[in-house]
Amino acid sequence: MGALIKSLSLNSSFELFALSTAIIVIIFLMIIYIIAFVQGREVSFWPLRIGSRPKNNSKDKSLHCFPNVSESSDLNRGKSTQEGSLFEGLKVNLLSNSRLPQIPTPSTYNPVYPNESYRLRVQGDAHRDLDVRAFKRSLELLRNKENIIALDIGCGSGYVTKDRFDSFENFKKIFGIDNSHSAINEALKIKDERYTFAVIDIESPSFKDSIFKLKGAESGVDFIFSSFTLHHLSDPISILKTLKEILKPTGVLVIRSPDDGSKICYPDNDIMEKIIDVSSNAKGISDRFHGRKAYFQLKSSGFNYIDSLYSITDTVGRSSEERLKIFDESFSYRSDYVKRQLESGDESARENYNWLIDALKYLRKRFYSDDLMYYMEVQYVLIAQR
Ligand SMILES: C[S@@+](CC[C@H](N)C(=O)[O-])C[C@H]1O[C@@H](n2cnc3c(N)ncnc32)[C@H](O)[C@@H]1O
């Protein structure tokens, strides 16, 4: 150092001090840079800043394409513009997912289409235990009231109506309504004075008045049951709001809706999913993904208290006949909507129809004859109090 100073022939002690300081700063910065390099941190010399140590050594850049939500206080507060763009991106992906069909066209469902009443009975039997649990929970909410006035909307032939309400004595009067004349004609064969069946369209503007005109329901009803009907309606939220008005204060509503996203199987899950995709996008089919929307719709309609119950059906330990019933309930009818499209003269559905017929035959055989196949679906009901 002395020789260096001499060779630079520094004259004043100030020059000597400045040079020494510069050398010390350079050495200090070099040490920092070497340490940061070894630890994989980023260093900025002006303003002096050393980056935090990376959490892992992953070289996968895709892991870093979104901001780290847990570290971003703006994102956690939900006010950041970054959040907007992050979730907009996700929304685009969801809408283009083929498992979620476009907004369904108005349902052309016909409860007396060939084989449909058999399928509805199988379906009704399959959901009995879950409904009974939902009824028990509803009675708790109704404080085990006697003389309950009940309404079943979309009651069809009344098979499920009679089966469910007969299990409980608390119900004094049960009204079953449906917009299908043929279904109500079938229901009218039930000879039991507790039950009254009538043709009423839930979507008609006079729906509420028609209910209040029913003898015994003039001041509303205590309990409303809706089994596999709301997904046929084009505006379930407005109907739920009307149902809320029909319910007496503290009245209870039970709804059960399907959701095709709750089904899995192995092997052949891809075939099953394609059957669902093709059929759930057919013109005139109901909203086969309504189940997941029901909670949102009940909340949006202003129901105060909402509870949910679940059950799972799978093929493990079931006989061939039992497995076939599961197939019948969940898949057998899926070509009907496409068939009706064809019957209305829409030839564009021909290819899908032919494919569906073959695929359903194949899947049916799998359910019946292959005890290696695993199939599982979840059913759920929501119980809402006014
Ligand atoms: C899948 S079936 C369910 C029948 C019965 N609840 C059951 O669980 O077996 C749906 C029922 O809703 C009825 N429905 C559909 N839209 C309706 C409407 N706008 N007004 C009244 N009933 C309707 C249909 O006619 C059909 O009987």
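Now for a look at the structure at hand. By convention here, each chain's residues receive numbers from 1 onward along its written sequence. With the structure being a predicted model, the display of local features is reserved for residues of pLDDT at least 70 and the display and counting of side-chain atom pairs for 80 or more, all residues being used for whole-chain, interface and lining totals.

## A few points about the overall build of the chain
Numbering of helices and strands starts at the N terminus; helices are DSSP runs of H or I of at least 4 residues and strands are runs of E of at least 2. When helices and strands are tallied, the chain shows 15 helices and ten strands. Within the chain, the proportion of its 386 residues that are buried is 30%. Remark: residues whose backbone-derived C-beta atoms lie within 7 Å of one another are considered to be in contact. In the chain, of all internal contacts separated by at least 6 residues, the share reaching a separation of at least 24 is 73%. To sort residues by burial, count the other C-beta atoms lying within 10 Å of each one's C-beta; a count of 20 or more means buried, 12 or fewer means exposed, and anything in between means partly exposed. C-beta atoms are built from the backbone.

## Focus: the environment of D336
Checked against the element boundaries, D336 lands in helix α14 (residues 336-343). Separated by 220 residues in sequence, D336 and E116 place their C-alpha atoms 9.6 Å apart.

## Remarks on the pairing of strand β10 (residues 374-385)
Whether two strands pair depends on DSSP finding at least two bridges between them. Note: strand β7 (residues 247-256) against β10, five bridges, orientation antiparallel. Counterpart to I255 in the pairing with β10 is L382. Note that strand β8 (residues 263-266) and β10 share four bridges and pair antiparallel. In the sheet register, C265 faces β10, and the bridge partner there is Y375.

## Remarks on the site of the ligand
Close to the ligand lie 20 residues, the nearest being P111, G154, G156, N179 and S227. When residues are grouped by polarity, Ala, Val, Leu, Ile, Met, Phe, Trp, Tyr, Cys and Pro land in nonpolar, Asp, Glu, Lys and Arg in charged, and all others, Gly among them, in polar. Here the shell around the ligand is composed, by residue class, of nine nonpolar, eight polar and three charged. Each residue receives a C-beta atom placed from its backbone. It is near a molecule or strand if this atom lies within 6 Å of it.

## Observations regarding the nonpolar core
Core analysis: the biggest nonpolar cluster contains 44 residues, and A150, L151, V221, I224, L253 and V254 have the highest contact counts within it. Every residue in contact with A150, bar those within four places of it in the chain, is listed here: F165, F171, I174, V221, D222, F223 and F225. Note on definitions: a nonpolar core is a set of buried residues drawn from Ala, Val, Leu, Ile, Met, Phe, Trp, Tyr and Cys, linked by C-beta atoms within 7 Å. Core analysis: the next-biggest nonpolar cluster, separate from the first, contains 16 residues, A282, L356, A359 and F367 among them.

## A look at α14
Every buried residue of α14 is listed here: D336, Y337, V338 and Q341. Buried positions along α14 lie against α11 (269-280) and α15 (350-369). Immediately beyond the C-terminal end of α14, within one or two residues, lies G345, with a positive phi of roughly 95°.

## Focus on α15
Helical geometry note: an α-helix holds 3.6 residues per turn, so side chains three or four residues apart project in the same direction. Between the first and last residue of a helix there are one fewer steps than residues, each counted as 1.5 Å, and that sum is the expected span. The end-to-end C-alpha distance of α15 is 29 Å, a good match for the 28 Å that 20 residues give at a rise of 1.5 Å each. Three or more residues of α15 are buried, namely L356, A359, L363 and F367. All buried residues of α15 lie within an arc of 80° about the axis, which places them on one face of the element. Opposite the buried face of α15, at more than 90 degrees from it, the exposed residues are R350, N354, D358, K361, Y362, K365 and S369. In this description, one arc is meant: the one made by directions from the helix axis to the C-beta atoms.

Nothing here speaks to function; it is geometry throughout.
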